[in-house]
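Examination of the molecular architecture
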Amino acid sequence: MTTFSKDDVKYFADFVRIGVSEEDKEIFSAKIADLIESVSNLKEVDVTNVEPMTHPIAMINVLREDQPKDILDREIMLASAEDQEDGSIKVPDIL
Amino acid sequence: MTLTSKTAAELQALLQKGEVTVKEVMEETLQTIEQTDKKIHAFIHVATDEAKARAEQLDQTTADTRGRLFGVPIGIKDNIVTLDMTTTCASKMLEDFVPVYNATVMNKLEAAGAVNVGKLNMDEFAMGSTTETSYFGNTLNPWNTDYVPGGSSGGSAAAVAAGEVPLSLGSDTGGSVRQPAAFCGIVGMKPTYGRVSRFGLTAFASSLDQIGTFSRTVEDNALLLSVIAGEDDNDSSSSAKQVPDYTQALTGDVKGLKVAVPTSYLGEGVDEEVAAAVKEALGVLESLGAVCEEVELPHIQYAPTTYYVISSSEAQSNLSRFDGLRYGFHTENAENLEQAYFRTRQEGFGEEVKKRILFGTYAMSADHHEDLYVRAQKVRTLIAQDFNEVFEKYDVVIGPTTATTAFKLGETGGDQLVHYANDVLAVPANLTGRPALSVPCGFVNELPVGLQIMGKHFDEETLYKVAHAYEQATDFHKRTPSIQGGN
């Protein structure tokens, strides 16, 4: 039986900066243990000399000239932000 | 016959000739949505004022400027961004988010004359297959409101099935267009990876995501894809291949078509009556001149777990953009930046989304990356090779779209693992980037069954040709739901 402890939940949640309550830890430790158990069947597959597939359609070097375009006004984009000042997004104190 | 019961093609004929006005179509559509959506909750937002204004504007145009979807109402899955119209991804995280630009598909629809009548319900961030993980409450299946419409594009499928709109857009990362199309008894197409621009589609798993099309008939679906497909400067993964007029592919001629039927698609885990409906459909295709043969797909049983690992890994990266600072939900309970991130995500994301982010983070972590994420990518290669071999000899792969008919509400609790048997059928098209569509092929206990047709890359024409020939030889698409429950 695969285990994924409540400490594991906290450990990985910290990486992605998601807050978790005690109840969350309980729920996710059980659910993620189930998932890890389920995907363990991939270990049965012989993948010797098999290349990983990162993209379903082979496309090489999709390039274009790096020319600036007039796309969206700064004010329009800033309007979605919670807080702004002098044309920049304002965030809570860092320290 | 009411206007809302007509197909997009039928509406087009009337609108282009001026026999009805866009205003008339829109009034009836909005009225139908008002009455019907109380029973099925397909819409998150109905764009009443915008649709009325657009109808008036379109009625002023001259006949020579009218596009292929002139005046046709369409609903849009709420993970496709719409200028000045909320785009919530069915999440608290984006409850009040109003995009400042249009997705490329929205610009294309607008140019073709379509009228966006609103945003459709879905599983939160497209993570689920029942529409039960929506922050705004679930959508009900129009065939029986005790059942789910499927998901994640459940609103898109239910709205079309219930006659609220003739067309809708969804997105398909692991079956999210085809499965709800099957559960709701309509046509749903996931085009080839790269066939439709994803600029403005909220990313879930970038190597799998594709925008797809819903309609009640194959002809309408072909028409809609013809309008939205094509290369886009804003999406480097979009294909430069020319877009054919898919409606020209509907010739009815499937003589000599080579059909592969994977043995596992009709085996263990697939409901017997669903399998029987699919076998009957294969018989219909044979009577039209197609040749069906059984094939083996040696790695197919690993498709769902391969998908879980890859989709969650990509999702954890894609969803890191939701920080509560630039747009979207913002916690009120933060004293510093660190707390703002943690609490915004804790309060803004639902349980299923958090679970997948956490699992994806585990799969991408230094200790597990090689043995889980990279291994899954290698198994993905083997699955793709299995299909490549089959498609060297065959034109299409056919099987059921889903292993069962629609689940009862609350039956699965949206739990991913319960859907394993369905995922075996759904996710291969995404893992391999191939096009696949679902077309109605019967009923079990008055709930619809879908026939899934998968094709060669960029050969949507053959899928439409086969689906159309089958549809015209049967009459499942003519049945309409009564929108009742309590059975």
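Look above for the structure.
Description of the structure in this document. In this text the structure is predicted, and so the values were computed from the model without any measurement.

Definitions and cut-offs
Residues numbered from 1 in each chain as written. Chains lettered and ligands numbered in written order. Predicted model: local features only at pLDDT ≥ 70, side-chain atom pairs only at ≥ 80, totals over all residues. Heavy atoms only, no water. Buried < 20%, exposed > 50% of the residue type's maximum accessible area, 1.4 Å probe, protein only. Helix = DSSP H or I, 4+ residues; strand = E, 2+ residues; numbered from the N terminus. Pairing = 2+ DSSP bridges. Phe/Tyr/Trp six-rings, centres within 6.5 Å; stacked < 30°, edge-to-face > 60°. Disulfide = S-S within 2.5 Å. Contact = heavy atoms within 4.5 Å. Buried area = accessible area lost by both parts, 1.4 Å probe. Salt bridge = Lys/Arg side-chain N within 4 Å of Asp/Glu carboxyl O. Polar contact = N/O pair within 3.5 Å; in protein donor to acceptor, adjacent residues only side chain to side chain. Nonpolar A, V, L, I, M, F, W, Y, C, P; charged D, E, K, R; others polar. Patch = residues over 30% accessible without salt bridge, like charges linked within 9 Å, V, L, I, M, F, W, Y side chains within 5 Å. Areas by Shrake-Rupley, 256 points an atom, 1.4 Å probe, with all protein chains shown as cover. 1 Å grid on protein atoms, 1.4 Å probe; cavity = no way out; pocket = protein on both sides within 12 Å on 5 of 7 lines; lining within 4 Å. Points joined across faces, edges and corners; volume = space filled by probe spheres on them.

1. A word on the pairing of strand β10 (residues 436-444) of chain B
All names here are of chain B. The element β10 is extensively covered by neighbouring structure, given that nine of its nine residues are classed as buried. Note: strand β5 (residues 187-190) against β10, three bridges, orientation antiparallel. Each residue of the ladder has a partner; that of G188, found in β10, is S438. Where β10 folds back on strand β11 (residues 447-454), the antiparallel hairpin that results is connected by two residues, among which N445 adopts a positive phi of roughly 50°.

2. A short note on the packing of aromatic side chains
Residues and elements named next belong to chain B. Evaluated as defined, the whole model comprises 20 aromatic pairs over all chains. Geometrically, the ring pair formed by F125 and F322 is tilted, given 4.9 Å between the ring centres and 50° between the ring planes. Note that F125 is positioned in the loop between β3 (115-120) and α5 (154-161) and F322 in the loop between α9 (303-318) and α10 (337-348), a separation of 197 residues in sequence. Taking 5.8 Å as the distance between ring centres and 75° as the angle between the ring planes, the aromatic pair formed by F125 and F349 counts as edge-to-face.

3. A look at the state of the cysteines
Residues and elements named next belong to chain B. Scanning the entire structure with this criterion turns up zero disulfides over all chains. In this model C184 remains outside any disulfide bridge; the closest cysteine sulfur is found in C441, 15 Å from its own. Residue C184 is classed as buried on the basis of its relative accessible area of 0%.

4. What about the interface of chain B and chain A?
Quoted interface sizes are often the accessible area lost when the parts come together. With 62 residues of chain B at the contact, the number on the chain A side is 50 residues. Interface area, chain B with chain A, both sides summed: about 5,100 Å², of which 71% is carbon and sulfur. Of all residues in chain B, the largest losses of buried area upon contact with chain A belong to F342, L358 and R375 of chain B, amounting jointly to 13% of the total for that side. One can count two salt bridges joining chain B with chain A. Taking the shortest distance from any N to any O, the salt bridge between K31 of chain A and E351 of chain B comes out at 3.0 Å. Applying the counting criterion to the chain B and chain A interface returns 14 residue pairs in polar contact (both at pLDDT 80 or more). For the side of chain B that touches chain A, a count of residues per class yields 28 nonpolar, 23 polar and 11 charged.

5. Concerning the side chain of S29 of chain A
Residues and elements named next belong to chain A. Looking at where S29 falls in the secondary structure, it is placed in helix α2 (residues 22-39). A relative accessible area of 14% means that S29 is categorised as buried. A distance of 3.4 Å separates the side chain of S29 from the backbone oxygen of E26, its partner in a polar contact. With residues up to four places along the chain from it excluded, the contact list for S29 reads F4, S5, K6 and V9.

6. Section: a nonpolar patch on the surface
Taken together, the side chains of I89, V91 and I94 of chain A present a nonpolar region at the surface, about 250 Å² in accessible area. Topologically, V91 of chain A is positioned in the segment after β2 (88-89).

7. What to know about the pattern of salt bridges
Summed over the entire model, instances satisfying the criterion amount to 16 salt bridges over all chains. In this structure, the salt-bridge partner of D78 of chain B is K119 of chain B, at a minimum N-O distance of 2.9 Å. Taken together, the residues D78 of chain B in the loop between β2 (73-77) and α4 (104-112) and K119 of chain B in strand β3 connect sequence positions 41 residues apart. Of the two residues, D78 of chain B and K119 of chain B, both sit in the buried class. A network of salt bridges, in which partner residues are shared, links K6, E22, K25 and E26 of chain A.

8. Focus on the layout of surface pockets
Taken as a whole, the largest pocket holds about 1,000 Å³ of empty space. Looking at the largest pocket, it is lined by 35 residues, and the ones nearest its centre are L72 of chain A together with Y101, F199, G200 and R321 of chain B. Looking at which element gives the most residues to the lining of the largest pocket, the answer is helix α3 (residues 74-78) of chain A, with three residues. Approximately 470 Å³ is the volume attributed to the second largest pocket. Around the second largest pocket sit 23 residues that line it, and S5, A161, G163, R216 and T480 of chain B are the ones nearest its centre. Of the residues that constitute the lining of the second largest pocket, the class distribution is nine nonpolar, 10 polar and four charged.

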